[in-house]
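Residue-level listing of the chains:
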Amino acid sequence: MSDRLTQLELGSVLHDIGKIGVPDNVLNKPGRLTDEEYQLMKDHTTTGGEILKDITMIKDLDVGAKYHHERYDGTGYPEGLKGEEIPLAARIVSVADAYHALVSDRPYRKGMSVEKACQILEEGAGIQWDKELVRQFIAIAPSLATRI
């Protein structure tokens, strides 16, 4: 496997590692988060980046964790990166993470159908997510449904 694929695979598996710093009562809260709780959730990106940044065996392993909540329009966090300023690995993880969140049951709602999740991704293409990556992901999404 190429170094870039290894980086992407491990980075995607570890992208939420920073959530170990978020209390369970916040992670599993069924209702709306307070401003303080929301900030704790947002901090998981920088915490995850910090945890992974010194692993040198895999170059840039931290980018998926640190930047997967950046938005293509520049309104995301932690740094407000825009478009292709966001590392490619983080843009890929962001689309896959969003899809997984949409089709999975959460404490506050049931998981959506593949079709509905793809519709939401399409609506956010070019705004929240990279338009081309969304297009490519939607092309393969039906085959992923049985593996998640």
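In short, a report on the structure. (Residues numbered from 1 in each chain as written. Predicted model: local features only at pLDDT ≥ 70, side-chain atom pairs only at ≥ 80, totals over all residues. Heavy atoms only, no water.)

## Quick notes on helix α7 (residues 114-124)
The set of residues buried in α7 consists of V114, A117, C118, L121 and G124. All buried residues of α7 project into a common sector of 125° when viewed along the axis, lining one side. Pointing more than 90 degrees away from the buried face of α7 are the exposed residues E115, E122 and E123. Along its buried surface, α7 packs onto α6 (88-103) and α8 (131-144). (Buried < 20%, exposed > 50% of the residue type's maximum accessible area, 1.4 Å probe, protein only. Helix = DSSP H or I, 4+ residues; strand = E, 2+ residues; numbered from the N terminus. Arc of directions from axis to C-beta. Contact = heavy atoms within 4.5 Å.)

## Re the side chain of H44
With respect to the element layout, H44 can be found in helix α4 (residues 44-52). Judged by relative accessible area, H44 falls into the buried class, the value being 2%. A polar side-chain atom of H44 sits 2.4 Å from the main-chain carbonyl oxygen of M41. Other than its neighbours up to four places away in sequence, H44 contacts D16, G18, K19, V22, H68 and H69. (Polar contact = N/O pair within 3.5 Å; in protein donor to acceptor, adjacent residues only side chain to side chain.)

## Brief notes about the pattern of salt bridges
According to the stated counting rule, one finds 10 salt bridges in the structure shown. D130 is paired through a salt bridge with R91; the nearest N and O atoms lie 2.6 Å apart. With D130 in the loop between α7 and α8 and R91 in helix α6, this residue pair connects regions lying 39 residues apart in the sequence. Pair check on accessibility: D130 and R91 agree, each one buried. Overlapping salt bridges, with partners in common, bring together E50, K53 and D54 in one network. (Salt bridge = Lys/Arg side-chain N within 4 Å of Asp/Glu carboxyl O.)

## As for empty space enclosed by the protein
Overall, the coordinates contain 1 cavity of 30 Å³ or more when judged by the stated rule. The computed volume of the largest cavity comes to approximately 50 Å³. Around the largest cavity sit E70, Y72, I86, A90, R91, S94, Q128, W129 and D130, which together line it. Looking at the lining of the largest cavity, its residues break down into 4 nonpolar, 2 polar and 3 charged. (1 Å grid on protein atoms, 1.4 Å probe; cavity = no way out; pocket = protein on both sides within 12 Å on 5 of 7 lines; lining within 4 Å. Points joined across faces, edges and corners; volume = space filled by probe spheres on them. Nonpolar A, V, L, I, M, F, W, Y, C, P; charged D, E, K, R; others polar.)

## Observations concerning the packing of helix α1 (residues 3-14) against α6
Working note: a packed helix pair is described by the angle between its axes plus the distance between those axes. At a closest axis distance of 10 Å, the pairing of α1 and α6 adopts a crossing angle of 45°. Classified by the interaxial angle, the pair formed by α1 and α6 is oblique. The handedness of the crossing between α1 and α6 comes out as right-handed. Counting all contacts with α1, which are made through R4, Q7, L8 and S12, the residues of α6 involved are L88, A89, I92 and V93. Split into classes, the residues belonging to the contact of α1 with α6 amount to 5 nonpolar, 2 polar and 1 charged. (Axes fitted to C-alpha atoms, helices over the stretch in contact; angles between N-to-C directions. Parallel < 35°, antiparallel > 145°, perpendicular 65-115°, else oblique. Left-handed = near helix turned anticlockwise from the far one by under 90°.)

## So, α8
If you check α8, its first and last C-alpha atoms are 19 Å apart, about what 14 residues at 1.5 Å a residue would give, namely 20 Å. Taken together, the buried positions of α8 are occupied by L133, V134, F137, I138, A141 and L144. Here the buried face of α8 lies against α6 and α7. The N-capping residue of α8, defined by a side-chain oxygen 2.9 Å from the backbone nitrogen of E132, is D130. (Expected span 1.5 Å × (residues − 1).)

## As for the packing of aromatic side chains
Per the stated rule, a full pass over the model turns up 1 aromatic pair. Between the NZ or CZ atom of K42 and the centre of the ring of Y77, over which it lies, the distance is 5.2 Å. (Phe/Tyr/Trp six-rings, centres within 6.5 Å; stacked < 30°, edge-to-face > 60°. Lys NZ or Arg CZ within 6 Å of the ring centre and 35° of its normal.)

## Quick word on the side chain of S94
Looking at the element boundaries, S94 is found in helix α6. S94 gets classed as buried once you look at its relative accessible area, which sits at 9%. For S94, the side chain forms a polar contact with the main-chain oxygen of H68, separated by 3.3 Å.

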